[in-house]
Amino acid sequence: MRISFITNVDLLIAADELCFVDLCSHIVEYIVEKLKKDKEYLRRNFILIQQTATKLDHHTNLSQFYKDAFQQDPSLIFEAGDFITIDQKSLLDSLIENNHSLKPVEIWDKLLEWCRAQSVELKLDIEHWTANNISTFRDLIHPFIQYIDFKNIYPKDFSQKVKPYKDVFDSEYYITILEHYSFSNDSNVITKVNSANSDPMIDSRIINPEHASLLVEFIKGIKEDAFGTSYDFNLLIRGTDNGNNGFKEGTFYESCEEKGPTITFARVKNTNEILGGFNTLKWKSYGTTICDKENFIFSLDKNDLKNPIFSKVNDVNKTRRNDVNKFIPDFGDLYFLIETKEGYYNKKSYEKLIRRSGGQFEIDEYEVFQVISKL
C-alpha cells in the first residue's frame, strides 16, 4: 500500500537523521526488495522514490536502484502515480535530456496536469480563467515550452489541446508553429489548425483561401481577445472594380471609413509579390493616422505559400503620419497612394523587413476587406 511505503520512507528519513545505521540498512533493503517484486508499486510511487534516493544518495542500494529503474524506463517519471508531486527542476531536467518515449502531445498533457496541480485556481475550466489565472499558468509552463516539439503534434490535437492556451506563448513562436501546419507537405497531416473544416471563403482576385486561412491564424495569434473566435472577410473595395473607380480616394473612404478592423492586399505590378496590412482600427478621412499594437504588415508570394513574412508593430509612435489624406491605406512603414497606383515601403516601426528593396513600387490591384469576428 502507498501508505505503507510513505511510512517506510518517513522511518528511513528519521533513522538517517538519528544515524541509526543498521535500521537504515534494513529499511532500505525492505524497500528495494518490495520495489523489485512489485512493478506496479514502483510505478505508483516513483516520484517519491526519486526524491528519497536524491535526498539520501549515500544509501547507495536505494540510489542505484532508482538510477537503474530510470535508465531502463525514463518514462516512469511521467507515468508515475504521484507524478504531480515532482519538483519543477527534476521535471525540466527530464525534458531537457529527452530520453523518454512519450509523444509531444502526451508531454503537453502531462505538463497541463502538473501545472493544474500546483495551483487550486487552475483546476477551473480554462473558459473561466481570469487574467491572474493565465499569468499563473504562464509562469508555470513557460520554462518547459521550448522543449516540446509542437510541430510534431497532430493538428487536430494541437487545435483541441494546445491552441486554447495560446495566450501563454510568445506570439512570434506561436506563429511559427501555425506556419508549419499551414505549409506542411506531409500528406498524412491535416494542414489546418483552425476549428473550421475548410479554408475561409474570400472574394479576392489577389489571394486564395489558403492565404486567407494563414492570415486568420496570424490574426488569432496576436489578438488578445481572439480565444474561440473565427473570422470572415467581407470585401469593401477593389481597385479595378467599376472601371478602376476603386483607385479614387473618395471611393476608398466612402467604402471603408469607420469600418474597421480591416485587412488590405496590394499586388505589386508584374510580380507575384503581395503586400498588405491588418488594421484593427477604423480608417478615417480626417486627423492623424493612428496605429494599434495589434496591427501587422506582411508579404506573400502568389504562387509560393512556404515563405510568408509577417511583421508586428515595434514602435506605435513611429507609425504616425500627419498627411493622412495623401497616403491611403497607410500602415506606417507600408503605405499607398492609390490614385497613382503607387506603394511605398520604409522599415522603421515594425519588427521585420518584409521586402528587400525600400522606396516606391507600382501596384496594379488592391483590395480592402472588413474582418468580421464570429464566436
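All of the points below concern the structure found in this document. Note that the structure is predicted; figures quoted are calculated from it, not measured.

Reading guide: rules and limits
- Residues numbered from 1 in each chain as written.
- Predicted model: local features only at pLDDT ≥ 70, side-chain atom pairs only at ≥ 80, totals over all residues.
- Heavy atoms only, no water.
- Helix = DSSP H or I, 4+ residues; strand = E, 2+ residues; numbered from the N terminus.
- Buried < 20%, exposed > 50% of the residue type's maximum accessible area, 1.4 Å probe, protein only.
- Salt bridge = Lys/Arg side-chain N within 4 Å of Asp/Glu carboxyl O.
- Pairing = 2+ DSSP bridges.
- Patch = residues over 30% accessible without salt bridge, like charges linked within 9 Å, V, L, I, M, F, W, Y side chains within 5 Å.
- Areas by Shrake-Rupley, 256 points an atom, 1.4 Å probe, with all protein chains shown as cover.
- Core = buried A, V, L, I, M, F, W, Y, C linked by side-chain atoms within 4.5 Å.
- Phe/Tyr/Trp six-rings, centres within 6.5 Å; stacked < 30°, edge-to-face > 60°.
- Lys NZ or Arg CZ within 6 Å of the ring centre and 35° of its normal.

Things to note about the environment of V28
Here is step 1: Along the chain, V28 turns up in helix α2 (residues 21-37).
Here is step 2: Overall, the relative accessible area of 5% leaves V28 in the buried class.
Here is step 3: Sequence separation between V28 and T60 is 32 residues, and the spatial gap between their C-alpha atoms is 9.4 Å.

Here we look at the pattern of salt bridges
If the charged atoms of two oppositely charged side chains come close together, the side chains can form a pair.
Here is step 1: Within this structure, the stated rule accounts for twelve salt bridges.
Here is step 2: Here R43 makes a salt bridge to E79, at a shortest N to O gap of 2.5 Å. Here R43, found in helix α3 (residues 39-44), pairs with E79, found in helix α6 (residues 76-79); they are 36 residues apart in sequence, far enough to count as distant.
Here is step 3: Note that E113 and K110 form a salt bridge whose closest N and O atoms lie 2.8 Å from each other. Taken together, the positions of E113 and K110, both in helix α8 (residues 104-118) and three residues apart, correspond to about one turn of that helix.
Here is step 4: What you see here is one network of salt bridges that share partners, running through D203, R205, R238, D241 and E367.

A word on the pairing of strand β5 (residues 304-312)
Here is step 1: As judged from the five bridges shared by strand β4 (residues 296-301) and β5, these two strands associate in the antiparallel manner. Looking at β5, one finds that F298 is bridged to F310.
Here is step 2: Counting the residues in the hairpin turn of β4 and β5 gives two residues.

Here's the deal with a nonpolar patch on the surface
Here is step 1: Together, L18, F20 and L23 line one region of the surface with nonpolar side chains, adding up to about 300 Å² of accessible area.
Here is step 2: Positionally, L23 belongs in helix α2.

Description of the nonpolar core
Here is step 1: Counting 83 residues, the largest nonpolar core has F150 and F265 as the members making the most contacts within it.
Here is step 2: The next biggest cluster of nonpolar side chains, apart from the first, holds 25 residues, and it includes F336, Y350, F361 and Y366.

Quick look at the packing of aromatic side chains
Here is step 1: Enumeration over the complete set of coordinates arrives at 28 aromatic pairs.
Here is step 2: Ring centres 6.4 Å apart and planes at 25° place the aromatic pair F169 and Y173 in the stacked group.
Here is step 3: Among the residues examined, F169 registers a relative accessible area of 8% and is labelled buried.
Here is step 4: Here F169 and Y174 contribute two aromatic rings whose centre-to-centre distance is 5.6 Å and whose plane-to-plane angle is 50°, an arrangement assigned as tilted.
Here is step 5: Given a relative accessible area of 1%, Y174 falls into the buried group.
Here is step 6: Of note, K341 hangs over the ring of F247, and the distance from its end group to the ring centre comes to 4.7 Å.
Here is step 7: A cation over a ring is seen here: R355 above F361, with NZ or CZ 4.5 Å from the ring centre.

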